[in-house]
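Take a look at the letters that make up each chain.
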Amino acid sequence: MVHSAYDSFELLTDCPAKIEAIESYGSKLLLGCSDGSLRIYGPDSSPPSDFHHQGFDLRRAPYVLERNVTGFSKKPLVSMQVLESRELLLSLSESIAFHRLPNLETVAVLTKAKGANVYSWDDRRGFLCFARQKRVCIFRHDGGRGFVEVKEFGVPDMVKSMSWCGENICLGIRREYMIMNSTNGALSEVFPCGRLAPPLVVSLPTGELILGKDNIGVFVDQTGKLLPEGRICWSEAPQEVIIQKPYAIALLPRYVEIRSLRVPYPLIQTVVLRNARHLIQSSSAVVVALDNSIYGLFPVPLGAQIVQLTASGNFEEALALCKLLPPEDASLRAAKEGSIHIRYAHYLFENGSYEEAMEHFLASQVDITYVLSLYPSIVLPKTAVIPEHEKLMDMSWDGAYLSRGSSGMSDDMESLPTHLQESEENAALETIKMNHNTLMALIKFLQKKRYSIIDKATAEGTEEVVLDAVGDSFGPYDSSRFKKSNKGRGSTPISSGARDMAAILDTALLQSLLLTGQSSAALELLKGLNYCDVKICEEILQKRNFYAAVLELYKCNSMHREALKMLHQLVEESKSNESQGDLNKKFKPESMIEYLKPLCGTDPMLVLEFAMPVLESCPTQTIELFLSGNIPADLVNSYLKQHAPNMQATYLELMLAMNENGISGNLQNEMVQIYLSEVLEWYAEQSAQKQWDEKVYTPTRKKLLSALESISGYNPEALLKRLPADALYEERAILLGKMNQHELALSLYVHKLHVPDLALSYCDRVYESTLHQPQGRSVGNIYLTLLQIYLNPRRTTKNFEKRISNLVTSPSTSIPRVSSGSSVKAKVSRAVKKIAAIEGAEDMKIITSGTDSGRSDGDADESSEEGGSTIILDEVLDLLSKRWDRINGAQALRLLPRETKLQNLLPFLGPLVRKSREAYRNYSVIKSLRQSENLQVKDELYSQRKAVVKITSDTMCSICNKKIGTSVFAVYPNGKTLVHFVCFRDSQSMKAVAKGSPLRRR
């Protein structure tokens, strides 16, 4: 016997007649005896009275005879049943009779039930089914004093047991069980009956059935299908079975057996009662009838049963009984369940069932620090340390509370401190070896607890922020209640309950993951929201050389400087020690760039500080970092200028290449100045060694030339002053071009560099840039300037040095300067399209003065004589043949010397004349088309003016609606509306008056 679920008490002894049937009604016992009488017994402690003045529960007291109804039935009763909802007593003897309670007056007798041996009542619908011989009949109670026959069906053999199951009826005949459809009588076989015992059909409160097969009870549903709950095994074949949750009680030949209804249906208790004949269920007890005596099995209070089960180590049964405690004892129930779960968890933990133990710790809602005390190798924050005596006080308080809660039920709760002492004596738990299974169970426990604890900690942090804001708004009023430290970031201690618990949980969880080799899971924990203790976790991770996790720990706690220092150190180690393959794979300069990206918006100075070491090795990625983080370029440039001047030019180059429109004029000017300084240093070295060559281009000089041509944010005058007088002519030519000094620039290309192709390319750029300017200018002037230089080399050479010196020494007011304010948003373009986009009026003056259209042939002759043989005629002819379509032919011919042969001008004049003739022809066609269009318009005008208005005798005035007749009339512009001229004049006068009336009113 596991525990005492029922206490046996003898209610009645020495009944005068043999008891054939028994039933209870309230606190009364109804006995159907072998002499056909009905004996009514009541408890000896109360005076005799009718049923309505009695309680509804059987009492644990001797019962005495209160009433004897002789001749209640002609034959001994087979069975009885009280129908409480209808206040009727159903009895089966030679037939089925119904008597009204409590007076036992006869209500109905079913004569058709004569010879019936078994019946079943459906109280919900008021249906009665019974069996006699090989027939099954169904009657319905009509609500009054009568019963109506519903159906009658035949069955293969005599029915031994039956019960309603929903709309169907389960029948136990001699050899098998069947399910009968109560509507059409259709039968379906379930399975055969046993060989040693008659059929037994027991209805469960859920509507399912237990079908007896010798000593086995098989669970089936209402259609006869086997249920997964399996089967319940009795010690012997039962005669009767009743269900009183949570137990199934069977009447066996030698005793009453009580089993749990929970799988695997263990034996709970046996009550020895020999020769018991009947077993019935009342509202508060189970009644067992012997031949001449009655016993009552009264349930032991659930609290006492729970204590017994817990003391004997049957925790599952104890927890199942806790769920049956009444709702009004909710606090007691929670305390009992928590205590049982804790004890069961300790029992399982001691026996190696770690995961199951953690499930019960979880169900007990015990604090996680209590569970972590079982793991001495797990290091916890100092706030989590609980002294041993406090733990013992908590446990003893729990036991005392439980004993007080059920003191009225049983005194067996005194056994709880004994169990506590046993757990104290088992000190081996404190030194248990942390094997893999125990830690895996702990991990699952912590992960299940984590969601709710982290939610509380997050909510507490949010509430704290709100309270801080409220505290700031209301000043110093009660400011102490708002002073809580934030989540444990850096060295700030945790001082709040929920976050304390979250720190304990996450710190323990991280250690458990590391101890079980789950490094990736530990890393994922640190990447998400966590409350790991920084000091403890940092020490553990560094001992394991788990640097990636240390970085994540720093990152989630906003310790970015420490993280970046460590990351920089790891990157340097990976560079110096090539043998460490893991470091080379994990910690590259790109790792620092990835770490710095989220910090650009919050701490740009920290980003700049730690971006310097990787700028040289990963310049492109670093510049992308600055751009994506929206760090001001001026700030980056100034920082580089101070800490890494050798990388300043690289940064500006990449900045210009990646974001052409994002670099300011100041930065452009600084980049050009850096290039120029390097080129001047190189020039000084070459000059000192007398190895200077104008046609040699170093990479820096190429960058300088490209920058001078492609960008426009620098100050050309300042750069021009830094150039040497006898070198760097190409740079000087580009700067002069930026200053609109085209003649000087072209002179450099022709006379200093002796590269006509560069001069021609220069003219092309200037020409193409002027095409997009709205003001009407002579776009061919630049080519005429180049012609003049070719045709008058001496004069241009004489004026060259004087004009250069004037430009360098005295700044010209006509040359536009690039100010710092206007150059911030200056757009940088490609060299081909925007090299001379700001050509000014000075160019117009220079070209016009050099190409006077009124020049005579004599002047040309004088200039040619001045130039002598130095005229570069071949270049002139080449220029005219290549750019004939861009040069004003008349002005070019005036500039040419008289000795020029016409044969040499054919490549220039041929296409020019053809284009002129084509243009003349096109213009003539256009003129003819315009004249034709003009004639068509005039014709249309004349036709419109020749409109005809026909006046008949019926034509009416549109104003006065009278006939016009021969009066003077007027026609509106639409040509259809006709009015008298007088009416038209009057209407115009009225409009004039209406328009002028407001003025008069004012």
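Reference entry: report on the structure contained in this document.

The rules behind these values
All chains use their own residue numbering, which begins from 1 and follows the written sequence. The predicted origin of the model limits local features to residues at a pLDDT of at least 70 and limits the giving and counting of side-chain atom pairs to 80 or more, whereas totals for whole chains, interfaces and linings rest on all residues. Just so you know, side-chain values use all the structure's heavy atoms and leave hydrogens and water out. Helix and strand definitions follow DSSP, with helices as H or I runs of at least four residues and strands as E runs of at least two, each counted in order from the N terminus. Whether a residue is buried, partly exposed or exposed follows from its accessible area with a 1.4 Å probe, protein chains only, as a fraction of its type maximum: under 20%, in between, or over 50%, in that order. Should any heavy atoms of two residues lie within 4.5 Å, those residues are counted as being in contact. Note on areas: these come from Shrake-Rupley sampling with a 1.4 Å probe, and a residue is covered only by the protein chains present in the view. Where helices are involved, their axes are fitted lines through C-alpha atoms of the stretch in contact, as for all axes, and angles between N-to-C directions lie from 0 to 180°. Comment on the angle field: the value is read as roughly parallel under 35 degrees, roughly antiparallel over 145, roughly perpendicular from 65 to 115, and oblique elsewhere. When the near helix sits turned anticlockwise from the far one by under a right angle, the crossing is termed left-handed; a clockwise turn instead gives a right-handed crossing. Note on residue categories: nonpolar means Ala, Val, Leu, Ile, Met, Phe, Trp, Tyr, Cys or Pro, charged means Asp, Glu, Lys or Arg, and polar means any other residue, Gly included. Paired strands, in this sense, are two strands between which DSSP finds at least two bridges. The pairing test for Phe, Tyr and Trp rings, Trp by its six-membered ring, is centres within 6.5 Å, and the orientation test on the planes gives stacked under 30 degrees, edge-to-face over 60, and tilted for anything in between. Here, over-ring charges are defined by two tests on the NZ atom of lysine or the CZ atom of arginine: distance to the ring centre within 6 Å, and angle to the ring normal within 35 degrees. In these notes, a set of buried Ala, Val, Leu, Ile, Met, Phe, Trp, Tyr and Cys residues joined through side-chain atoms within 4.5 Å is what counts as a nonpolar core. Relevant arc is that of directions from the helix axis to the C-beta atoms, nothing else.

It is worth spelling out the overall build of the protein at this point. Summing up its helical and strand segments, the protein has 34 helices and 30 strands in all. By residue count, 47% of the 1002 residues in the protein fall in the buried class. Look at the contacts in the protein between residues 6 or more apart in sequence, and 55% of them connect residues 24 or more apart. Carbon and sulfur atoms provide 52% of the accessible area of the protein, an area that totals close to 51300 Å².

At a minimum axis distance of 8 Å, the contact between helix α3 (residues 330-350) and helix α4 (residues 354-363) shows a crossing angle of 165 degrees. On the basis of their axis angle, the class for α3 and α4 is roughly antiparallel. Like other packed secondary-structure pairs, α3 and α4 cross with a definite hand, here left-handed. Where α3 approaches α4, its residues His 341, Ile 342, Tyr 344, Ala 345, His 346, Leu 348 and Phe 349 are matched on the opposing element by Tyr 354, Glu 356, Ala 357, Met 358, His 360, Phe 361 and Ala 363. Among the residues forming the contact of α3 with α4, the class breakdown is ten nonpolar, three polar and one charged.

Here we take up the sheet that holds strand β13 (residues 147-154). Taken in spatial order, the four strands line up as β10-β11-β12-β13 in an open sheet, and their pairing is antiparallel. The two strands at the open ends of the sheet, each matched to only one other strand, are β10 (118-122) and β13. Neighbour to neighbour, the strand axes of the sheet diverge by 20 degrees on average, direction disregarded. Of the pairings in the sheet, the one linking strand β11 (residues 127-132) to strand β12 (residues 135-141) comprises six bridges and is antiparallel in character. Among the inter-strand pairings, Ala 131 is bridged to a residue of β12, identified as Val 136.

Let us now look at unusual backbone geometry. Here the residue pair Lys 245 and Pro 246 is connected by a cis peptide bond, since its omega of 10 degrees sits within 30 degrees of zero. Position of Pro 246 relative to the elements: it lies in the loop between β22 (240-244) and β23 (247-251). The amide bond that connects Val 263 to the next residue, Pro 264, takes the cis arrangement and shows omega of 10 degrees. Counting through the fold element by element, Pro 264 comes out in the loop between β24 (255-260) and β25 (267-272). At Asn 545, a residue that is not glycine, the phi angle is positive and equals roughly 55 degrees. For Asn 961, which is not glycine, the phi dihedral falls at a positive 60 degrees. Among the secondary structure elements, Asn 961 is positioned in the loop between α33 (906-945) and β29 (969-971). Residue classification places Asn 961 among the exposed residues on the basis of a relative accessible area of 55%.

For strand β4 (residues 38-43), the buried fraction is high: six of the six residues fall into the buried class. The antiparallel pairing of strand β3 (residues 28-33) with β4 creates a hairpin that spans four residues between the two strands, and Gly 36 there sits at a positive phi of about 85 degrees. The sheet contact formed by β4 and strand β5 (residues 63-69) spans six bridges and is antiparallel. Pairing of Ile 40 across the sheet is with Arg 67, part of β5.

What follows is about the packing of aromatic side chains. For the coordinates displayed, the defined rule picks out 18 aromatic pairs. With a centroid separation of 4.1 Å and 20 degrees between ring planes, the pair formed by Phe 98 and Phe 147 is classed as stacked. Taken as a pair, Phe 98 in strand β8 (residues 96-100) and Phe 147 in strand β13 lie far apart in primary sequence, 49 residues in all. Each member of the pair Phe 98 and Phe 147 is classed as buried. With a centroid separation of 5.6 Å and 25 degrees between ring planes, the pair formed by Phe 130 and Phe 139 is classed as stacked. The burial state of Phe 130 is the same as that of Phe 139; both residues are buried. Aromatic ring contacts, followed pair by pair, group Phe 98, Trp 121 and Phe 147 into a single cluster. Over the ring of Phe 127 we find Arg 125; its NZ or CZ atom is 4.5 Å from the centre of that ring. The residue whose ring lies beneath Arg 125 is Trp 164, and the NZ or CZ to ring-centre distance is 4.9 Å.

Glancing now at the packing of helix α1 (residues 302-311) against helix α2 (residues 315-322). Where α1 meets α2, the axes come as close as 8 Å, and the angle between the chain directions of the two elements is 160 degrees. As judged from the angle between their axes, α1 and α2 are roughly antiparallel. The two elements α1 and α2 meet at a crossing, and its hand is left-handed. Contact residues: Leu 302, Gln 305, Ile 306, Leu 309 and Thr 310 in α1; Phe 315, Glu 317, Ala 318, Leu 321 and Cys 322 in α2. Classifying every residue of the contact of α1 with α2 gives seven nonpolar, two polar and one charged.

So, about the sheet that holds strand β19 (residues 209-213). Through backbone hydrogen bonds, the strands of a sheet pair up, either in parallel or in antiparallel fashion. Here four strands make up an open sheet; going across it, the order is β18-β19-β20-β21 and the pairing antiparallel. What marks the edges here is a single partner per strand, and that holds for β18 (201-203) and β21 (226-233). Across this sheet, the average inter-strand angle for adjacent strands is 25 degrees, counted without regard to direction. Where β19 meets strand β20 (residues 216-220), five bridges bridge the pair, whose relative direction is antiparallel. Bridged to Leu 211 within β20 is Val 218.

Below, the discussion takes up the nonpolar core. By size, the foremost hydrophobic cluster in this structure holds 180 residues, and its most contacted members are Val 288, Phe 361 and Phe 626. Aside from chain neighbours lying at most four places away, what touches Phe 361 is Ile 342, Ala 345, His 346, Val 366, Tyr 370, Val 371, Leu 374 and Phe 445.

Before going further, it helps to examine helix α15 (residues 589-596). Taken together, the buried positions of α15 are occupied by Pro 589, Met 592, Ile 593, Tyr 595 and Leu 596. Along the axis of α15, the buried positions cluster into a sector of 160 degrees, meaning they face one direction only. Buried residues in α15 make contact with α12 (547-556), α13 (560-576), α16 (604-615) and α17 (619-628).

None of the figures reported here should be taken as evidence of function without further support.
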